[in-house]
Structure formats: structure tokens, C-alpha cells
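Spelled out from the first residue to the last, the chains are:
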Amino acid sequence: MNHSTPAREATLRDTTITPTVDFDREGTQYGFLKLPYSSDQSAWGCIMIPVTVLKNGDGPTALLTGGNHGDEYEGITALLKLTQTLKAEDIQGRVIIVPAMNYPAVCSGTRTSPIDKGNMNRAFPGDPQGSITERIADYFQRYLIPQCDYALDIHSGGKTLDFIPFSAAHRLPDKKQEALCIEGARCFGTPATMIMFELDADSLYDTAVESQGKVFVTTELRGGGTTTPDSMRLADTGVSNFLKFAGILPGKPVLPDAPVMQLDMPDASCYVISTHKGILELTRNLGDTVIKGDLIARIHPLERTGTEPAEYHAQRSGILAARRYPALADMGDTLAVIADLIP
Ligand SMILES: [Zn+2]
């Protein structure tokens with residue numbers, strides 16, 4: 001696991017990131033996490049990651065992040081909007097908002113950083129002397145996560161995936177913490193909640209936050225590298241719902257009228273992984289109920305005409321919760337995710 005140990009902490013140098021805000025100061029502050037980066041464009045330059053801190057008296061701290069992946073826009077947009085509207089006097093406690101966690105990736109509209117190809121959500125616990133992405137991860141790991149009680153990290157599918165919108169938590173060894181995370185996901189207010197199974201959990205931001213004992217909620221709110229009015233409504237409501245759940249904003253979360261669909265990804269067989277290269281044709285829609293054995297996708301080979309497509313059949317029954325977004329598919333791509341519907 002990636003959990004920090006006292007031995008590891010002792011060998012780590014201080015971060016090279018300097019915040020221009022004081023996290024302990026009362027009131028509303030707009031500033032930057034300033035990360036020195038010497039480049040061809042700027043010999044003595046810095047990467048300036050925007051951060052907002054709001055503090056009003058005693059109370060819990062929520063850490064809100066978007067742009068962990070640079071092409072997932074609901075979180076980036078909702079958190080930029082929140083920094084315009086939320087003021088310290090509205091809250092009790094503290095809110096730290098970083099709308100563009102992997103700022104270089106967000107600026108280039110790509111999942112990973114153009115500087116080091118770093119995938120923020122595979123970079124934890126990070127390294128203060130590592131690549132730019134690892135340095136940002138380390139700053140969250142050792143400086144920001146420890147300051148929070150609640151963390152919300154808003155993801156979507158990005159350019160290559162599309163999801164039915166859901167908020168999510170993970171199975172955790174501490175069942176009390178797990179129950180709080182699941183309750184936080186429910187309070188976010190999406191039409192579905194998911195217990196997520198991760199293919200490579202160890203280097204995730206999620207795991208870094210959870211292993212520090214915090215209440216953590218993540219999301220997948222559509223995808224395709226853009227937003228829709230519906231997905232933005234969910235993100236905007238979800239952010240304010242999360243702060244209500246944390247007791248930082250007054251009032252109760254605004255929840256959907258219809259019953260919430262509870263989904264579960266119990267193991268890796270939920271993932272339909274491509275073993276062909278070609279043009280993807282999904283035969284079922286996102287949100288459809290599929291039965292084990294149903295045809296869910298074809299991949300048509302591009303190399304020649306008159307050739308049968310490869311067929312993909314559901315290995316389990318459930319709800320089609322995610323799909324590959326671009327039609328062009330390669331071996332190893334996740335074509336679909338089938339999640340269990342918990343009655
Ligand atoms: Zn993501």
C-alpha cells in the first residue's frame with residue numbers, strides 16, 4: 001500500500017510548493033499553490049495552481065478538488081463557480097477548494113500532465129523531489145489531506161469514457177469510516193451511488209485520503225470531455241450537498257425524488273476489456289439492464305471488408321454503468337463496465 005509510514009516521512013524533504021494563502025486565517029482568500037518549474041518558457045518560473053480558502057470559526061474542514069484528471073469538466077466547472085459564490089460568512093468551519101488539482105493537465109485539456117505525462121490519480125503518495133505531478137501529489141498527501149476531515153474529489157469520464165452519473169465510495173477496512181463515506185456519497189445527491197472496485201487502488205488520491213482516516217467521496221458524472229446542463233446541475237447541487245453533509249453549510253442535502261439506484265462493482269469481472277482493435281459499436285445504452293450472455297458490443301476490424309466483427313457478451317448481469325466514449329478502440333481499452341444493482 002502507499003500509506004505513509006514514520007520512516008518514509010523522516011526521509012522526505014520539505015515540499016517545494018509554497019501556498020500564497022494562510023490556511024488558518026479567518027475569512028475568504030483567493031491564492032495559489034506556487035510550484036517552481038524552470039522551463040524553456042520561464043527560466044525562473046512557477047506553476048500557479050489556483051486555491052481558495054474560506055474559514056469561519058471552529059468546525060470541520062472540507063477539501064474539494066476537481067481536475068485531478070485534466071479533461072473531466074464537471075468538477076473543474078462546479079468548483080470554479082463555487083469560488084465565485086461561496087463566502088466565509090456562509091459557512092461554519094473551513095473549505096479548501098482546488099478546482100484544477102493537476103493544473104498543467106487542465107490547461108492542456110488532457111487527462112495527464114503535458115510536462116511529465118503524470119496521471120495525478122496514479123501518482124500518490126507522491127514525491128517532493130519527483131516530477132511535477134509527483135510534487136503536487138506529495139503536497140496533497142502531506143500538507144492538504146492532513147488538514148481536512150472531509151474530502152470530495154469530482155471525476156467524470158474524460159475524453160475516453162462516459163458514465164451514468166454516480167457518486168461513490170470504496171470498501172474500507174474501517175467499517176465506521178466506510179459507512180460515513182457511503183452516507184457522504186448518498187448525500188451528494190446523484191441518481192445512483194456506487195461501491196467502486198479499483199483496478200489499481202494503491203496509487204490513487206482516494207486511497208491516500210481514506211488511509212488518513214478521512215471521509216472521502218468521489219464521483220463519475222458523465223464524460224466525453226465536456227459537460228451537459230444535467231451533469232452540471234448534479235455537480236453544482238452535489239458540491240453544496242456535500243458541504244451540508246459535512247455540517248459546514250446549514251440545511252439538509254437536496255436529494256433526488258426518485259429512489260437512488262445502488263450499484264456495486266464487487267470485482268474485476270465488472271470491466272469489459274477489449275482484446276481487439278477496430279471500431280467499437282455498443283449495442284446497449286448506458287443505464288440499460290443487461291443479462292449475463294447478452295451481446296453488448298461489437299468491434300469491427302478496419303483492415304479489410306467482409307470480415308465478421310468481434311462480439312462482446314456480458315460476463316455478468318447488471319447495469320451498464322460506463323462505456324468507452326470514442327468509437328476507435330484498441331486492445332486493452334475498457335469498453336464497458338457492468339455493475340450489480342443492489343435491490
Ligand atoms: Zn478521473
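Chains are numbered independently. Their residues run from 1 in the order of the written sequence. Local features in this predicted model are restricted to residues of pLDDT 70 or higher, and side-chain atom pairs are both shown and tallied only at a pLDDT of 80 or more, whereas totals for entire chains, interfaces and linings draw on every residue. Processing note: side-chain calculations cover all non-hydrogen atoms of the structure and skip hydrogens and water entirely.

### Here's the deal with the overall build of the protein
Right, so step 1: Of regular secondary structure, the protein possesses seven helices and 19 strands.
Right, so step 2: A compact globule built from 343 residues should have a C-alpha radius of gyration of about 20 Å, and the protein, at 20 Å, falls within 12% of that.
Right, so step 3: Considering only C-alpha atoms, the protein reaches an extent of 65 × 50 × 40 Å along its principal axes.
Right, so step 4: Across the 343 residues that make up the protein, the buried fraction comes to 52%.
Right, so step 5: Note on contacts: a residue pair is in contact if any heavy atoms of the two residues lie within 4.5 Å. A separation of at least 24 residues holds for 71% of the contacts in the protein among residues at least 6 apart in sequence.
Right, so step 6: Accessible surface, the protein as shown: approximately 15,000 Å² in total, 54% of it carbon and sulfur.
Right, so step 7: Neither His nor the chain ends contribute to the count of charged residues, in which Lys and Arg are positive and Asp and Glu negative. The atom standing in for a charge is NZ when the residue is Lys, CZ when it is Arg, CG when it is Asp and CD when it is Glu. Distance between charge centres in the protein, computed from 31 positive and 42 negative side chains, equals 1 Å. Numbering goes from the N terminus for both helices and strands, where a helix is a DSSP run of H or I of at least four residues and a strand is a run of E of at least two. The globule rule is 2.2 Å times the number of residues to the power 0.38, and the radius of gyration it is compared with is taken over C-alpha atoms. The classification of residues rests on relative accessible area computed with a 1.4 Å probe and restricted to protein chains. Under 20% of the type maximum is buried, over 50% is exposed, and intermediate values are partly exposed. Note on areas: these come from Shrake-Rupley sampling with a 1.4 Å probe, and a residue is covered only by the protein chains present in the view.

### Regarding the state of the cysteines
Disulfide: a covalent bond connecting the sulfur atoms of a pair of cysteines.
Right, so step 1: To count as a disulfide, a pair of cysteine sulfur atoms needs to be within 2.5 Å. Within this structure, the stated rule accounts for zero disulfides.
Right, so step 2: Between C187, a cysteine without a disulfide, and C181, which holds the nearest cysteine sulfur, the sulfur-to-sulfur distance is 12 Å.
Right, so step 3: Classification of C187 by relative accessible area gives buried; the value is 6%.
Right, so step 4: C270 forms no disulfide, and the closest cysteine sulfur to it belongs to C181, at a distance of 20 Å.

### Brief notes about the coordination of the zinc ion
Right, so step 1: On the protein side, the zinc ion has H69 (ND1), E72 (OE), E72 (OE) and H155 (ND1) as donor atoms, found 2.1 to 2.3 Å from it.
Right, so step 2: One can describe the site at the zinc ion as irregular: its four donor atoms subtend angles covering 59 to 150 degrees at the metal.
Right, so step 3: Counted as donors are the N, O and S atoms within 2.8 Å of the metal, or 3.2 Å for Na, K and Ca, while water is not among the atoms, so some sites may look incomplete. The sequence motif formed by the donor residues of the zinc ion is H-x2-E-x82-H. One end of the pair, E72, is in the loop between strand 4 (61-65) and helix 2 (73-85); the other, H155, is in strand 6 (residues 150-155), and 83 residues separate them in sequence. The residues E72 and H155 share a single accessibility class, namely buried. Here the metal geometry follows the donor angles, with tetrahedral for four donors whose angles all fall between 85 and 135 degrees, square planar for four and octahedral for six when opposite donors are more than 155 degrees apart and every other angle is between 65 and 115, and irregular for all the rest.

### Focus on the sheet that holds strand 15 (residues 295-300)
Right, so step 1: Paired strands, as defined in this entry, are two strands with at least two bridges between them according to DSSP. Within the open sheet, the four strands sit side by side as 16-15-13-18. Their pairing is antiparallel. Strands with a single pairing partner mark the edges of an open sheet, and in this sheet they are strand 16 (310-313) and strand 18 (328-329).
Right, so step 2: Sheet analysis places strand 13 (residues 278-282) next to strand 18, joined by two bridges and oriented antiparallel. Along strand 18, the bridge assignment pairs G278 with A329.

### Points about the pairing of strand 2 (residues 27-36)
Walk down a regular strand and you will see the side chains alternate between the two sheet faces.
Right, so step 1: Direction of pairing for strand 1 (residues 18-19) relative to strand 2: antiparallel, over a ladder of two bridges. The partner of T18 across the bridge, within strand 2, is K34.
Right, so step 2: Where strand 2 lies against strand 3 (residues 46-56), ten bridges are found, and the strand directions are antiparallel. Along strand 3, the bridge assignment pairs L35 with I47.

### Digging into the pattern of salt bridges
Right, so step 1: By convention in these notes, a salt bridge is any Lys or Arg side-chain nitrogen within 4 Å of a carboxyl oxygen on Asp or Glu. Using the criterion set out here, one finds 17 salt bridges in the structure.
Right, so step 2: Between D236 and K81 there is a salt bridge, with its nearest N and O atoms 2.5 Å apart. Taken together, the positions of D236 in helix 7 (residues 229-245) and K81 in helix 2 put the pair 155 residues apart, joining distant regions of the chain.
Right, so step 3: A salt bridge links R171 to D264; the shortest N-O distance between them is 2.7 Å. Pair noted here: R171 is in the loop between strand 8 (166-170) and helix 5 (175-188) and D264 is in strand 11 (residues 261-264), with a separation of 93 residues, a long-range link.
Right, so step 4: For R171, a relative accessible area of 44% corresponds to the partly exposed category.
Right, so step 5: Owing to a relative accessible area of 12%, D264 belongs among the buried residues under this scheme.
Right, so step 6: Within this structure, D267, R316 and D340 form a network of salt bridges that share partners.

### Details of the layout of surface pockets
Right, so step 1: Its boundaries defined by the atoms lining it, the largest pocket holds a volume of some 550 Å³.
Right, so step 2: In terms of lining residues, the largest pocket is bounded by 26 residues, among which R111, R122, L161, F163 and E220 are the most central.
Right, so step 3: Elements represented by at least two residues in the lining of the largest pocket include exactly strand 7 (161-163), strand 10 (215-220), strand 17 (318-324) and strand 19 (334-342).
Right, so step 4: Its residues assigned to classes, the lining of the largest pocket shows ten nonpolar, eight polar and eight charged. Using a grid of 1 Å spacing that covers the protein atoms alone, one calls a set of points a cavity when a 1.4 Å probe fits there but cannot get out, and a pocket when the set is open and has protein on both sides within 12 Å along at least five of seven lines; lining residues are those with an atom within 4 Å of a point. Grid points are joined across faces, edges and corners, and a volume is the space filled by probe spheres set on the points. Think of it as three bins: nonpolar holds Ala, Val, Leu, Ile, Met, Phe, Trp, Tyr, Cys and Pro, charged holds Asp, Glu, Lys and Arg, and polar takes everything else, Gly as well.

### Digging into a nonpolar patch on the surface
Right, so step 1: On the surface, I279, L302 and L328 cluster together into a nonpolar patch covering about 280 Å² of accessible area.
Right, so step 2: As for its position among the elements, L328 is in strand 18.
Right, so step 3: By relative accessible area, L328 is classed as exposed at 52%. Exposure above 30% relative accessible area and the lack of any salt bridge qualify a residue for a patch; like charges then connect within 9 Å, and the nonpolar side chains Val, Leu, Ile, Met, Phe, Trp and Tyr within 5 Å.

### A look at helix 5
Right, so step 1: One fewer than the residue count of a helix, multiplied by 1.5 Å, yields its expected span. End to end, helix 5 covers 20 Å across 14 residues, agreeing with the expected 20 Å (1.5 Å per residue, within 8%).
Right, so step 2: Residues Q177, E178, C181, G184, A185, C187 and F188 constitute the buried set of helix 5.
Right, so step 3: Those residues of helix 5 that are buried are in contact with strand 6, strand 8, strand 9 (192-196), helix 6 (205-210), strand 10 and helix 7.
Right, so step 4: A 3.5 Å cut-off defines polar contacts: any pair of N or O atoms within that distance qualifies, except that in protein one atom must be a possible hydrogen donor and the other a possible acceptor, and neighbouring residues in sequence count only when both atoms are side-chain atoms. The N-cap of helix 5, judged by a side-chain oxygen 3.0 Å from the amide nitrogen of K176 a few residues on, is D174.
Right, so step 5: Positioned one or two residues after helix 5, G189 has a phi angle of 95 degrees, which is positive.

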